[in-house]
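Chain by chain, the residues run as shown.
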Amino acid sequence: MANKIFVDACLGKETPYTPVWMMRQAGRYLPEYMAVRAEAGNFLNLCHDPEKACEVSLQPVDIVGVDAAIMFSDILVIPDEMGMDLSFVKGEGPKFSDPLETQADVDRLIGGEEAASKLTYVYDTIKLIKERLAEDKALIGFTGAPWTLATYMIEGQGTKTYNICKKMMYSNPELLHNILAKVTEVVKLYMEKQIQAGIDVVQIFDSWASAIELGKYDEFSWKYMVEIADYLKSKYPDTPIIMFPKGIPAFIERGLVYGNFDVFGVDWGTPMALAKEKLGDKYVLQGNMEPCRLYSKEATTACVEAIQEIMGGKRHIFNLGHGILPDVPVENAKHFVSECQRVSKKQ
């Protein structure tokens, strides 16, 4: 993997320029993606079809010029294969018809190796991508953090208030911990199988980290993410791990980030200078342009230059501070990538 600039950057090695990729880069802003998705019939079909999932994973590498592909899938394939009934409703997003309410609901879930072994279409997708991806490009695998997965499993759908989850957090924390522990065991094995299938770098997304108050974040989310990272590092010490918790600047500011991983993803709401001050000596930093800046090439350039000035081209990976939005012009995404390479290229 020594010839993969993205892997080298994750490990803090010197690189000829700062590599760049975008969260949700295989997605709806690309007409080519929309064409493949239409052929698949629906989003879940696309996730379950290794050939088509491979095709859309490679599109942003070929079209936009990013330095790494991220396998196309969805975080909710995990609870789906644990036995929950997942569907994607147009205009409403993912829904589970059988949300978790009791310990009996948790007990009926498929766990551990049995659940992880059912995700064969993901592993087949990874193998196909590795066959077709240029040797100098890295392949990123991913999972949702146990807390983020649990919010969907308990609420039954996306939520703005998280009141059902948080009611459980405060009134029945033992049940919530039982859910998180069961999900964590599946995630460990799922990520291990991704690495065995050919993944170069792993990212753990905690999209709903900001739903938890500061004093409870470690207990109900971060410690489980660290447990997953510890498990993977004990078996695959050379595989870089990226942690991306969204919306926890106070957690960072108070020096509460710890764990055996390589890269910390900085969301757009956290000042890059703060992240560098608190974490830059310990972890490589990834991010953190506000995704909406992609609507303007001028705003994009200004932000890229500002981030480069803060980071100085060292121990850094360019990315957005969350996912690219569906109506961003492809030309603007290309501009972002080329500007990242321009400002960081070493003479």
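In the block above lies the structure referred to throughout.
Predicted model, so just to flag it, every value in this text is computed and none were measured.

Draft legend 1. The environment of Thr148, seen in detail. Within the secondary structure, Thr148 is located in helix α9 (residues 146-155). Taking relative accessible area as the criterion, Thr148 reaches 1% and is therefore assigned buried. When the C-alpha atoms of Thr148 and Cys10 are compared, they prove to be 24 Å apart, with 138 residues separating the residues in sequence. In this structure Thr148 touches Ile75, Phe205, Asp206, Ser207 and Trp208, once residues within four positions along its chain are discounted.

Draft legend 2. A look at the environment of Gly313. As for its placement among the helices and strands, Gly313 is situated in the loop between α15 (297-311) and β9 (316-317). Between the alpha carbons of Gly313 and Met71 there is a distance of 26 Å; along the sequence they are 242 residues apart. Among residues more than four places away in sequence, those in contact with Gly313 are Thr18, Gln308 and Lys346.

Draft legend 3. Representation of the packing of α9 against helix α11 (residues 173-197) in the model. Look at α9 against α11: their axes get within 9 Å of each other, and the N-to-C directions meet at 120°. By the angle between their directions, the pair α9 and α11 is classed as oblique. As for the relative orientation of α9 and α11, their crossing is right-handed in sense. Residue-level contacts link Pro146, Trp147, Leu149, Ala150, Met153 and Ile154 of α9 to Leu176, Ile179, Leu180, Val183, Thr184 and Val187 of α11. Class assignment of the residues belonging to the contact of α9 with α11 gives a composition of 11 nonpolar, one polar and no charged.

Here is what the cut-offs are and how they apply
- Residues numbered from 1 in each chain as written.
- Predicted model: local features only at pLDDT ≥ 70, side-chain atom pairs only at ≥ 80, totals over all residues.
- Heavy atoms only, no water.
- Helix = DSSP H or I, 4+ residues; strand = E, 2+ residues; numbered from the N terminus.
- Buried < 20%, exposed > 50% of the residue type's maximum accessible area, 1.4 Å probe, protein only.
- Contact = heavy atoms within 4.5 Å.
- Axes fitted to C-alpha atoms, helices over the stretch in contact; angles between N-to-C directions.
- Parallel < 35°, antiparallel > 145°, perpendicular 65-115°, else oblique.
- Left-handed = near helix turned anticlockwise from the far one by under 90°.
- Nonpolar A, V, L, I, M, F, W, Y, C, P; charged D, E, K, R; others polar.

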